[in-house]
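Single-letter residue listing:
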Amino acid sequence: AEGEETGPAFEEVLFVECGFGCDQHGQNYTKAAVRACRNAIEFNSLPGIRKIIPGGKENMIVQVQLGIPNPEQVDVDAVKAVFPYGKKSVKLETGGLLSSSGIALPEMGDKND
């Protein structure tokens, strides 16, 4: 409603992180996506975040964008689970890299090298 106070809003980007993930054996796109997300955040500590975001860390907006050769094969819930708090969204785009590992190991789930 007009004139109604909704509280403070914080819509600035606070940080951007980049990560890399792969699954050398098994060709598991979810595993690679999870590794990329973990790589992006594993050395971060944001102790003051709960003080600057209205409503605390649970209200932090986490937007994940991943380039995956076959995005339809990624378990989005597994990717979201990497992030310990916040309102999470995951955008999967066709991208990434398919590369030979140099050897196919069927016992590790490989379908090709």
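Data block above holds the structure.
Sequence order sets the numbering: in each chain, residues are counted from 1 along the sequence as written. Two thresholds apply to this predicted model, a pLDDT of at least 70 for residue-level local features and 80 or more for giving and counting side-chain atom pairs, whereas whole-chain, interface and lining totals are computed over all residues. To get the side-chain values, take all heavy atoms of the structure and skip hydrogens and water.

Chemist: I'd like a description of the overall build of the protein chain, backed by residues and values.
Modeler: On a plain count of helices and strands, the protein chain comes out with three helices and two strands. Over its C-alpha atoms the protein chain spans a radius of gyration of 18 Å, topping by over 25% the 13 Å that the globule rule assigns to 113 residues. In terms of its C-alpha atoms, the protein chain occupies a principal-axis envelope of roughly 65 × 30 × 20 Å. Think of it in three bands: with a 1.4 Å probe and only protein chains considered, a residue is buried below 20% of the maximum accessible area for its type, exposed above 50%, and partly exposed in between. Counting all 113 residues of the protein chain, 25% fall into the buried class. For the protein chain, restricting intrachain contacts to residue pairs at least 6 apart in sequence, the fraction spanning at least 24 positions comes to 65%. Per the convention used, a helix needs a DSSP run of H or I reaching at least four residues, while a strand needs a run of E reaching at least two, with both numbered from the N terminus. When we talk radius of gyration, it's over C-alpha atoms, and the globule rule is simply 2.2 Å times the number of residues to the 0.38. Residue contacts follow a heavy-atom distance rule, with two residues in contact if any of their heavy atoms lie within 4.5 Å.

Chemist: Break down the environment of Gln24 for me, with residues and values.
Modeler: Structurally, the position occupied by Gln24 is in the segment before α1 (29-41). With 22 residues separating them in the primary sequence, Gln24 and Leu46 have C-alpha atoms 31 Å apart. Those residues in contact with Gln24, other than ones at most four positions away along the chain, are Ser101 and Asp110.

Chemist: So what's going on with unusual backbone geometry? Residues and values would help.
Modeler: Phi at Gln27 is positive, roughly 50 degrees, even though this residue is not glycine. For Gln27, the position within the fold is in the segment before α1.

Chemist: Please set out the environment of Met108 residue by residue, giving values where relevant.
Modeler: In this structure, Met108 sits in the segment after β2 (87-94). Classification of Met108 as partly exposed rests on a relative accessible area of 47%. Between the alpha carbons of Met108 and Gly21 there is a distance of 17 Å; along the sequence they are 87 residues apart. Among all residues touching Met108, those that are not within four sequence positions of it are His25 and Gly26.

Chemist: Please give an account of α1 that cites residues and values.
Modeler: Each helix should span, by expectation, one fewer than its residue count multiplied by 1.5 Å. Here α1 is 13 residues long and its end C-alpha atoms lie 19 Å apart, about the 18 Å a rise of 1.5 Å per residue gives. The set of residues buried in α1 consists of Tyr29, Thr30, Ala32, Ala33, Val34, Ala36, Cys37 and Ala40. Where α1 starts, the residue carrying a side-chain oxygen 3.0 Å from the main-chain nitrogen of Thr30 turns out to be Asn28. In protein, a polar contact requires one atom able to donate a hydrogen and another able to accept it; more generally it is a pair of N or O atoms within 3.5 Å, and residues adjacent in sequence count only if both atoms are side-chain atoms.

Chemist: Give a detailed account of the pattern of salt bridges, specifying residues and quantitative values.
Modeler: When a carboxyl oxygen of Asp or Glu lies within 4 Å of a side-chain nitrogen of Lys or Arg, that pair is called a salt bridge. Counting across every chain of the model gives one salt bridge. Glu93 is paired through a salt bridge with Lys91; the nearest N and O atoms lie 3.3 Å apart. For Glu93, a relative accessible area of 30% translates into the label partly exposed. On the accessibility criterion, Lys91 (49% relative accessible area) is partly exposed.

Chemist: Break down the nonpolar core for me, citing the residues and quoting the values.
Modeler: In this structure, Cys37, Val64, Leu66 and Val79 are the most contacted members of the largest nonpolar core, which totals 18 residues. Secondary structure elements with two or more residues in this core: α1 and β1 (61-68). Leaving out residues up to four positions away in the same chain, Leu66 has contacts with Ala33, Ala36, Cys37, Val79, Val90, Lys91, Leu92 and Glu93. Nonpolar cores are built from buried Ala, Val, Leu, Ile, Met, Phe, Trp, Tyr and Cys residues. Side-chain atoms within 4.5 Å join them into one set.

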